[in-house]
Structure formats: structure tokens, C-alpha cells
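Single-letter residue listing:
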Amino acid sequence: MINRRDVMLGGLAGAAAFGFGRVNPDFLVNSAFAAEGKALRFLGAEALSGNWDPTTHTNLGQLIVEGFVFGYLTRAPMKPDKPDELIFELAESMTPIDASTMEVKLRKGVKFHDGTPFTAADVKATYEYGCQPDRPAQWYPGLVTIDVVDDFTCRINTKAHAYPAALYYYLSSFLPIMSAKDIANKAQLSARMNGTGPYKYVEQKGDTTVLTANADFFLGAPKIPGVEYHFVGDTTTRTLSLLNGSADIIERLEQEQVETISKDARFNIHKAVSVENKYLFFRCSKKPFDDPRIRLAACHSIDRKQVLEVLGVSGTYSKAHISPVKFGYTEVADYPEFDPAKAQKLLAEAGFPKGQGLPELTYYTSVGFYPKTKEYAELITGMLQEQGFKVNLQTLEVAAWGNLLYDKPGGGEGNMIDCGWCTGSPEPDLVLRTHFHSSSKRITGIVDKDIDAVLDKERNATSIEERKKILQTETLPTIAKKAPALALFTSVFIHAYSKKLDGLYIYPNGMQDMTKATLA
Amino acid sequence: MLILEFLVKRIAQGLLIVFITSLIIFTLLRVVPGDPVRLIVGGMAPPDVVEKVATKMGLRDPIIVQYGRYMRGLLQGDLGQSYLRPRSGMIAAGGQYVDPTKSDMALVTDLILERLPFTLQLGGMALLFALLISFPVGIAGGLHQHRWRNALAFGMQSLFVSIPNFWLAIVLILFLSIKLKLLPALGYQGFSYVILPALVLAVEIAPFIIRTLTTSLGEVMQAPFIDEARVRGLSRRRIVYSHALRNAAVPLVNLLGIQLSTLIGGVLVIEYIFDYPGLGNLTVVSVVGRDFPVIQGIAITTSAVFVFINIIVDLVAYLIDPRVEI
């Protein structure tokens, strides 16, 4: 028998069936996969700082975004076969006048994204602001004065600051040019990016930085209408995003992900020897690593070939404290290689035969950013213990590790810490002077007059050729002999991207040139 | 009157819980390793700058003083400002620096209000999916004890409870999103992006609902009043839906209140894997960046939501069965 309740239920069921036929189910399926002519979506491994003033950070993700938005006097492709090559961008030429003066001729007809014309005043404002000692990025070798000759000629002048102007030759590819107007208004400078590059900053939407093509770009408007840099911390999520079409290009992949993506014909894998060396830094200002013999003994205890096996595709062998794509790289003959007998000899000479009497050493490493750090840190710990070092390995997440990274009065935390150093220029002093000169000694805390002398000598060389020779025959060998750090390997940066993306160039520090790229 | 008295009592208890939670979180955050000032000023900043900024931000005051200041703000509805996220953008670790040029930092309340709807949407969908999965299986299992339907319910709950959520998330993305291209999965560009993460969360909470339904319905069906209903000549459908289910619902409603905590825990992992822009994702990034005010704000918000839902659950349980003591 049919009752009122049955009638009501039947009515509701009928209404639902009728309604379902009228609902467009597109919102449930396939609503947001890749569409033609869309902006390129890049998934980065590092969150951005949100302060758009380029002098306030050393954040690699932000350097990549700046590469799209800002212009540079030059660009350095840093190809392994031509690591010294510079391509002129906002500069048309850079000519040494004397040891402390370099004349820069600038490109005419370039405009910032806000419409202001680019002139020598912008170079002057950028360099004289960026070189200030209170700027946290600290990429400049010292104070510098820019003499404006005319609107499109200026001179880099280091006479008053006692170092050669030639240092700015390679550095010019790494210092984004800001507008003088923005530098005069710091709030504006930090609130948004305003450059002369191929893409304009639009907005920050949550974890996504939105850029749009600059139609007035002096080398011609980019073909890809926009770029979205989106921070995704998890490597697996980045990989899955590429595979399901919600990303066009991803970075910082590990062996397993490379294998998965390689099997898929829709994607390209780009591997490039990067500008980043990974180091095991010793805290040189305190015992026992204040003794170079103990540092060298530790270096000779580590078999770097095994470390590279653990690392897989993410690293390559190198034999100096700078990457092979840096200016001046050479394979240093006396670079400390795995040699247990030598390690034992050095330990005995230092008064710690077989490591007896050495204090327990704390070794900090991080997980979550660099590939396989925990795995190879465990291997290194084992190797050191085999030679008699007592090592306490502490694996920390990135924030806690970053907290302990740098030197401080009395010496940095622990005795060893691993870290990479990645700068988008062939300029070697961005690594060598930063870490090993007593005026900086960021992580190691080393004060060594021999190292200072060879670093000053190469910096003060009067010509590029002379500087290269000093670097290769004196500076790098001395640093290898004193071993304030062991450069474990050079990182290989791995990007994976859709085959629809064509004409892309990836710099060895992860920055990208999309001015000629297309996205089908 | 009874309900009003209940509400006043439970809200007072709830405020005490939120207060205790905030105190615990506040203290814990300040004793774990990792100085947020070092992250804020950047690794290369000299120690005197670190100390100057820390003192300026009040981070070198005793914890109790800092807590008192925080609570004073909280009572005025102010959860503070993020240490790391400016109004103009977002941030995590990486050598950044607070100096006079830095734009204003984002209000924690704004950050939470921006993300909360996403998480509520995800949580709501997960609960809906969980109920859709659990009700047919659980009711069938409860009504047919010692038969295959009961075995199916038992098997299903055992299977679901054994599947790690991060593994299921990756498998579902690979299968449904990458292979079959049925559903989008990563990020958020519309409602369809909720379905996969909600399914994963549903699988996480469904076993408990199935178990409770099966057991509680099984017990109710053995009760004397069910036999009396049969004697009175009521149809089986009427007995089940009007009497048995209503009585079996009380433990289920209580369970749903507790399941909310599971959901909150699951949301952290699932939002991170799915790159879903909710509170879970914000929490992970804030913890990594030692963004104390944001972590505290989220903890207080979630504990308040938890307390609120449990008050509702108790009220609903009372309305279903007035014998329940409130």
C-alpha cells in the first residue's frame, strides 16, 4: 500500500533524477587541466621572501623570479665549454679604463615596467645602494662609486675602496638593475618588482607569484603570455603536478622522480652542471678543527665517490672549491682525496693517533631541501668513525638547520655542517671570499693569513688572464691545502618540463631565459 | 532552561580548554630548537642585529610576559602579525631580512580567515563522503550480524584503517588524475579540486563510523523494544529507520565529534600532498618557518572549532535521545 511517506520519497527521488540531468557535470571532471595559450606554470622548491627588494635576501627561488622581471648589465650562460662567456644585456660594452675604473656603455631605448626610461642614473642608484654593508644579500665585493658620464655611459669606480673594478665584469650578470626612483622610495621597492626584464610583476596570490609578458621588452615581447611561480615544498607533489598537467616545469628532482618522468614521452629532463658546490664546512675557529691537519685528516677519511653513488643523478665529481662552471675552475692537483693512510698520519701528527683523545664532533645536516643529504651524511659519519673520529650526526629540518648555519662569535654551532652555495655568476669570489676570507668567513669562521693573501692577490690582479692564473695556481691550491671545508661534489640541477615548452634556456643556478620560448 | 544552563557551562569549559591549549602551544613553541628571529633577519645577519630585532619584537622577554601580552591582544580579537608573511606576499626560510624597507606583515586573522573556508570545505566534503561510504556498509553489517554483509563491513573497515593516507593520496592522484584524467588533483582552481583529497580523508575516518554503526545497530536490534515493535506489527523498514537507527545514532554522533580531531590531523598531511591552500598547508609552512603567531593562531582556531563542534554534538545527542545527560 502506498502511503504519504512513499509519495514524498518518490517525489524527491524523481526531482533529484530530473535535476541531475540538468546539472553540468563538467565542474566535477577535467575542469582545470592544461589549456592552450596559457601562462607557464613553474613549481619551485623554495618559498619566496615577499620582500621584493633584491638586496634583502639570498633566496634562490626569488633569484629565479627576479631573472624574469629584472634586467642585468650582462647575462652569463655559464656553459661548461665556455664558462667565461658574457652576453651583454643592458650594457653594450664594459671596458677597463684603469685598474679601478671600468666604463660601461648602456643600451638606449629601454624602459622599466612602470614606463620610466632606463639610464645610467639607475645603474648608479642600484650599485651604490646594493653595495652598502647593511644590505643582507652582500653580493658586492665592497663599496663602489658609479660616476655618470652621460645618460648612457657610466664608470664603475673602486679607487677609494682599494680593489679592482674588474671584479664587476662577471658580477654584472648577477646584480639586477633597479629603478633609481624605486630606490629612493624603499617602501615601493619592497612592495613590488619593477624591472626591465621580459616579464612584469602582476601580483602575489597566496603561494603564487604572477607575472605577465612585457610587450615592450627591448628584445621583443616573449611568446609565452605569462609565468606563474608557485611554491610547492614537496618533491613528490611537484612531480605529480607535472605528470597530471597542472605544471609545465618543475625543479629539484631526485633520482626516483627522474626515473619516473624519463619513462613518459611527454616530458623532457634537463640536467645541467650547476654553479652550486655542496660543502662540508668545518668550524675552524674552535677545537679541534682550528688545526688544519685535523681538517685534512677528515677530508682524507671521506670517499667522495661513494657519496656520489648515494647522490645518483643529482651530483657530479669536481676537484676544487668552486664549481666547474665558475671562472677560474681547475682540477686542483693536491685536492684532498680519500686516503685513510694519510688521514691516520695527519691524526698522529696532530697528537690524536687513531683519533684517540679527539672530542665528540657534532655534524649538522638538513632534510627537505637538498637531495639525499641525510643519506650521504650517514655515509660520511660512518667513514669518519672508521678513521677514529667520534661523530654525532644531527639531522635537522631546514629551518632549524638554517638557524645554526652561520659562524658567530666564539664559533658556529657544532663542528661540521653541510650546505650548498649557489650564485648566478661565474664570479668565483661570490663563493671563495664569502666563505674563506677572514673579512667574511660566513660559516667556517676561518682566519688564516695565507688564505687571505691568495684571495687578495687574485682579487687585485690587473687583468682577467692574470687573475685566472693566480686562482688556478695559488688560490684554489692553498684553500685545498688548508681545507676550511671539503667541497663534496658539484650539484646537478635537474628540471623536468613538458615537451610543449620549447626554446627554454636554464642557467646553472636555476634561473631561466624564456624570451624565445614557446608553449604549445 | 536546561539547555541554556548546559550552553553556559560548556562554553565556560570550552574557553578553559582554548586557554590551556594556547598556553601549551605558546610554551612549546618557545622551547623547541629554532630561533624565529634568525629566520626573520636572515642567516648572514650579525648577532647584534639578531638581538636588536628580538628585543624589539619582545622575543627575549620571559615566556609568561610574552604570553600575557599575547592574551591581552587575543581578548581584543587580535591574533598578532605573521613573522614571515608580508601583506604583499608569502614567505618561508631563506635569508630574508626585516628592515625599515619591509612592507607590513600580514595579520594572522586575515591569513586564517583566507584559508579556513578551504579547509572547512575539504573537511565537510570528507565527512559527507565518509558518511556516504559508511552508512550503507555499516547499516547492512549491523542488520545482518554473522552474515557476509557483516564480514564485508569488517573487511572494509580493516582495509581502510590499514591504508596510510599519504600512500592512498599518491595512488589516487596517479590513477584518477594522471592515468584516467578524471579529476584534477593538485592546487586549487575550483570545487573539483576538493574531491580527491576529500576521498582520501573519508577513507581515513570511514572505518570508525562503519565500526560504530555496525556494533551499535547490532546491539539495538537485539534490544527488547525491537521485539516489541515486531509484535506490534511494524514493518521491518519502519523498525530499522524510525527506531533502531535513531537509537544507534547517539554513539555515532559522539564519534563524529571525536573524528574531527582525526580530520584536523589528516588535513595537515593531505593538504600538503595535494598542495591544497587550506589551514593544514599554512600550518606546515609556518612550522617550517617558525612563524609562531600563525601557528598559535591556527592552534587556537582549531581548538575553538573543536570545542564548538563538541558542544553541537552533545546538543544533537540530547535532541535525539533526551535521556542523554548534558
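Owing to the predicted nature of the structure, the values given are computational and were not obtained by experimental measurement.

Okay, the overall build of chain A next. Tallying secondary structure elements over chain A gives 16 helices and 21 strands in all. For chain A, whose C-alpha radius of gyration is 27 Å, the value lies close to the compact-globule estimate of 24 Å for 520 residues. Along the three orthogonal principal directions, the C-alpha set of chain A runs to about 100 × 65 × 40 Å. Taking all 520 residues of chain A together, the buried fraction comes to 59%.

Residue and element names in this part refer to chain A. Both strand 14 (residues 361–367) and strand 15 (residues 391–397) contribute to a ladder of seven bridges, which runs parallel. Within strand 15, the position partnered with V367 by the bridge is E397. Crossover handedness for the path strand 14 to helix 12 (residues 373–386) to strand 15: right-handed.

This paragraph deals with the pattern of salt bridges. Taken as a whole, this structure holds 32 salt bridges over all chains when the rule is applied. One salt bridge in this structure joins A:E458 and A:R467, with 2.8 Å as the shortest N-O distance. On the basis of relative accessible area, A:R467 is assigned to the buried category, the value being 6%. Notably, a salt bridge pairs B:R230 with B:D227, separated by 2.9 Å at the nearest N-O pair. Taken together, the positions of B:R230 and B:D227, both in helix 9 (residues 224–231) and three residues apart, correspond to about one turn of that helix. Since its relative accessible area comes to 41%, B:R230 is described here as partly exposed. B:D227 sits in the partly exposed class, given a relative accessible area of 38%. Three or more residues joined by partner-sharing salt bridges are found here, namely A:E427, A:D429, A:E458 and A:R467.

A word on the UniProt feature "domain: ABC transmembrane type-1" (unreviewed entry) in chain B. Here the UniProt-annotated "domain: ABC transmembrane type-1" (unreviewed entry) positions come out as residues 116–317 of chain B. From the first C-alpha to the last, residues 116–317 of chain B spans 27 Å; its make-up is 84% helix and 0% strand.

The tally for this structure, following the rule as stated, stands at 24 aromatic pairs over all chains. Judged by centre distance (6.4 Å) and plane angle (55°), the rings of B:Y188 and B:Y193 are tilted. According to the relative accessible area criterion, B:Y188 is partly exposed, its value standing at 26%. Of note, A:K278 hangs over the ring of A:Y370, and the distance from its end group to the ring centre comes to 4.1 Å.

A few words on the environment of B:Q76. As for its placement among the helices and strands, B:Q76 is situated in the loop between helix 4 (63–75) and strand 1 (81–86). A relative accessible area of 65% places B:Q76 in the exposed class.

Another aspect to go through is the UniProt feature "transmembrane region" (unreviewed entry) in chain B. Feature annotation in UniProt places "transmembrane region" (unreviewed entry) on residues 12–32, 118–139, 151–178, 190–210, 252–274 and 294–320 of chain B, given in this structure's numbering. For the annotated span residues 12–32 of chain B, helix accounts for 95% and strand for 0% of the residues, and the straight-line distance between the end C-alpha atoms is 31 Å.

Moving on to unusual backbone geometry. All names here are of chain A. A cis amide bond links K287 with the next residue in sequence, P288, at an omega value of 0°. Among the structural elements, P288 can be located in the loop between strand 12 (267–282) and helix 9 (292–301). One non-glycine residue with positive phi stands out, namely A162, at about 60°. Tracing the backbone through its elements, the reader meets A162 in the loop between strand 7 (153–157) and helix 4 (168–171). With relative accessibility at 60%, the residue A162 sits in the exposed group. Phi at K372 is positive, roughly 55°, even though this residue is not glycine. With respect to the helices and strands, K372 occurs in the loop between strand 14 and helix 12. When its relative accessible area of 12% is taken as the criterion, K372 is described as buried.

Residue and element names in this part refer to chain A. Summarising the element assignment, G115 is placed in the loop between strand 5 (101–106) and helix 3 (120–130). G115 gets classed as partly exposed once you look at its relative accessible area, which sits at 40%. Each C-alpha atom, one on G115 and one on N194, is 9.7 Å from the other, the two residues being 79 residues apart in sequence.

Residue and element names in this part refer to chain A. Taking 1.5 Å of rise per residue, the 14 residues of helix 12 would be expected to cover 20 Å, and the 20 Å separating its terminal C-alpha atoms lies within 8% of that figure. Within helix 12, burial applies to T373, Y376, A377, I380, T381, M383 and L384. Buried residues along helix 12 cover an arc of 165° about the axis, so they all sit on one side.

Residue and element names in this part refer to chain A. Within the largest apolar cluster, 106 residues are counted, with the highest numbers of intra-cluster contacts made by Y127, I156 and F389. Sort the elements by how many residues they give to this core and strand 17 (residues 485–498) lands first, with six residues. The residues touching Y127, leaving out its near neighbours within four places in the chain, are L73, Y140, V144, I146, I156, Y168, S172, L175 and I177.

What follows deals with the domain arrangement of chain A. All names here are of chain A. Splitting chain A by domain gives domain 1 (36–69 + 197–266 + 499–519), domain 2 (70–180) and domain 3 (273–492). Each partner contributes to the interface: domain 1 provides eleven residues, whereas domain 3 provides 16 residues. Interface of domain 1 and domain 3: buried area, both sides summed, is about 1000 Å²; carbon and sulfur atoms make up 57% of it. For the domain 1 face of the interface with domain 3, the top three residues by lost area are R252, Q255 and P508, together amounting to 47%. Summed over the shared surface of domain 1 and domain 3, the result is two salt bridges. We note a salt bridge from R252 to E276, for which the minimum N-O separation is 3.6 Å. The tally of links from domain 1 across to domain 3 stands at three residue pairs in polar contact (both at pLDDT 80 or more). Considering each element in turn, the side of domain 1 that touches domain 3 owes the most residues, three residues, to helix 8 (residues 255–262). Residue composition of the side of domain 1 that touches domain 3, grouped by class: five nonpolar, two polar and four charged.

The subject of this paragraph is the sheet that holds strand 5 of chain A. Residues and elements named next belong to chain A. Taken in spatial order, the four strands of this open sheet run 4-5-7-6, and their pairing is antiparallel. Here the strands that pair on one side only, and so sit at the sheet edges, are strand 4 (91–98) and strand 6 (145–150). Adjacent strand axes in the sheet meet at a mean angle of 25° when their direction is disregarded. Relative to strand 7, strand 5 runs antiparallel, the two being bridged by five bridges. Across the sheet, K105 pairs through a bridge with T153, a residue of strand 7. The strands that helix 3 touches are strand 5, strand 6 and strand 7; relative to strand 6, the one it contacts most, it runs at about 175°.

Rules of the game
Residues numbered from 1 in each chain as written. Chains lettered and ligands numbered in written order. Predicted model: local features only at pLDDT ≥ 70, side-chain atom pairs only at ≥ 80, totals over all residues. Heavy atoms only, no water. Helix = DSSP H or I, 4+ residues; strand = E, 2+ residues; numbered from the N terminus. Rg over C-alpha atoms; globule rule 2.2 N^0.38 Å. Buried < 20%, exposed > 50% of the residue type's maximum accessible area, 1.4 Å probe, protein only. Pairing = 2+ DSSP bridges. Right-handed = clockwise from strand over helix to strand, strands pointing away. Salt bridge = Lys/Arg side-chain N within 4 Å of Asp/Glu carboxyl O. UniProt positions renumbered as here; feature names shortened; annotations may be inferred. Phe/Tyr/Trp six-rings, centres within 6.5 Å; stacked < 30°, edge-to-face > 60°. Lys NZ or Arg CZ within 6 Å of the ring centre and 35° of its normal. Expected span 1.5 Å × (residues − 1). Arc of directions from axis to C-beta. Core = buried A, V, L, I, M, F, W, Y, C linked by side-chain atoms within 4.5 Å. Contact = heavy atoms within 4.5 Å. Domains from an automatic or database assignment. Buried area = accessible area lost by both parts, 1.4 Å probe. Polar contact = N/O pair within 3.5 Å; in protein donor to acceptor, adjacent residues only side chain to side chain. Nonpolar A, V, L, I, M, F, W, Y, C, P; charged D, E, K, R; others polar. Axes fitted to C-alpha atoms, helices over the stretch in contact; angles between N-to-C directions.

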